[in-house]
Amino acid sequence: MEPQPTADPRGTVETVFRIESPRIIAAVARTVRDVGIAEELAQDALVAALEQWPRDGVPDNPGAWLMATAKHRAVDLIRRRENYARKLQDIGRDLETTAPPEEPSALHDPDDIDDDLLRLVFTACHPVLSPQARIALTLRLLGGLTTPEIARAFLVPEPTIAQRIVRAKRTLATKNVAFEVPYGPDREARLGSVLDVIYLIFNEGYAATAGDDWLRPALCEDALRLARVLSGLMPKEPEVHGLTALLEFQTSRAAARTGPLGEPILLKDQNRRRWNRMLIARGITALSRADATATGAPGPYALQAAIAACHAHAYTYEETDWKTIATLYGLLAARAPSPVVELNRAVAVSMADGPEAALEIVDAIAAEPALRDYHLLPSVRGDLLLRLGRTAQARAEFERAAGLTRNERERELLLRRATEAS
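Let me begin by describing the structure that accompanies this report. Since the structure is predicted, the reported quantities are computational estimates derived from the model, not experimental observations.

With that out of the way, let us pick up unusual backbone geometry. Residue R33 is not a glycine yet carries a positive backbone phi of 60°. Topologically, R33 is positioned in the loop between α1 (9-32) and α2 (35-56). The exposure class assigned to R33 is partly exposed, which follows from its relative accessible area of 44%. Phi at N176 takes a positive value of approximately 55°, unusual for a residue other than glycine. Residue position: N176 is located in the loop between α9 (158-174) and α10 (185-206).

What follows deals with the packing of helix α12 (residues 238-252) against helix α13 (residues 277-293). The geometry of α12 relative to α13 is characterised by a closest axis approach of 8 Å and an angle of 160° between their N-to-C directions. Compared by their axis directions, α12 and α13 come out roughly antiparallel. In this structure, α12 crosses over α13, and the sense of that crossing is left-handed. Along the contact surface, α12 presents P238, H241, G242, T244, A245, E248, F249, T251 and S252, while α13 presents L279, I280, R282, G283, I284, A286, L287, R289, A290 and T293. By residue class, the composition of the contact of α12 with α13 is nine nonpolar, seven polar and three charged.

Below, the discussion takes up the pattern of salt bridges. Counting across every chain of the model gives 21 salt bridges. The salt bridge partner of E248 is R282, with a shortest N-O separation of 3.2 Å. With E248 in helix α12 and R282 in helix α13, the pair connects residues that are 34 residues apart, well separated along the chain. By relative accessible area, E248 is classed as buried at 2%. R345 serves as the salt-bridge partner of E342, at 2.9 Å between the closest nitrogen and oxygen.

So, on to helix α7 (residues 131-141). Taking burial as the measure, the 11 residues of α7 include eight buried ones, the bulk of the element. Residues of α7 that are buried include every one of A133, R134, I135, A136, L137, T138, L139 and L141, and no others.

Procedures and definitions
- Residues numbered from 1 in each chain as written.
- Predicted model: local features only at pLDDT ≥ 70, side-chain atom pairs only at ≥ 80, totals over all residues.
- Heavy atoms only, no water.
- Helix = DSSP H or I, 4+ residues; strand = E, 2+ residues; numbered from the N terminus.
- Buried < 20%, exposed > 50% of the residue type's maximum accessible area, 1.4 Å probe, protein only.
- Axes fitted to C-alpha atoms, helices over the stretch in contact; angles between N-to-C directions.
- Parallel < 35°, antiparallel > 145°, perpendicular 65-115°, else oblique.
- Left-handed = near helix turned anticlockwise from the far one by under 90°.
- Contact = heavy atoms within 4.5 Å.
- Nonpolar A, V, L, I, M, F, W, Y, C, P; charged D, E, K, R; others polar.
- Salt bridge = Lys/Arg side-chain N within 4 Å of Asp/Glu carboxyl O.

If you want it as structure tokens, here you go:
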């Protein structure tokens, strides 16, 4: 069948490329063993499509066309290199088996694509890179975001993001980071890095650290999509399912977390009829998979997902099982101790056992260096003091929290609470 013309070939090219680029980059990287070069070759394929599709029409299988074109160029690049002989020794028969067929509509084994994607995930989140570099590179290679889009999402100057991505690629190349999925203890350590990066991306979208908007839904969507892809690629990893479940539950509340003007709405004031029951059902399914694949005690993400499930099962704030949530936070504090977990545990304890017991927990961690500039510490403390009737102290804590946050929406909320406390 001949390629069919389309009203907007350029738009089609860009849409297909955004969907297919992670797989294309992953497949090409397996051949050239360099993520940076693989991305350049994928971009070359995009340019070729922008030149040819408006003239010749969009092919029947545009994703396969882009894949084949990028892989042809990868093989040509290797053949042009002066060290071709050494490359042949390194990749041997792999060069022939990964070379694209004459017909671009024929894709190689989908299982190989998945294996390549998994390699790309672990490469982009390699511990040799800084957390900021891992996030930028993951969004670029796996999220399909452009440098300006990443910069806008994190309110960082575009040149800063561009430098992070360039340096990340250079670091992977100079450190000779293998394009592979590690096994054994290395895999467990690296998987934690992968999950942390996805979680950080989601958190920035769920409660933005700075700027005029409290939510950035696009980042939440990117993180959830990455988690779902990873759960499909690693179906036997309980923490992968645990993270996916957590993000499904958290995303289900998105529509109820802000008002008409984008103002934050606290959990106790949210209209739970606006919670997405389909996403909650997906979260329950993912959490069941985490439980089914676990061979020991649940991991941190599975525990957080279980906490989120308690909220999801309560149709009103008053029905929330705070005793169970406090118990789960205790398990989480033992499994992955941190001052932030203790602060969250204090909130649950305040609902289960009263604000006085919770205030003891908060005061015990108040001097932690990690919480020195953390605005939620005085925010939680202000809420506890308010419930104890110590209004003047509560107002001071809310004002201190407002001075620490860099998010305008959250600052407005905290200042309003300070006013209400007085």
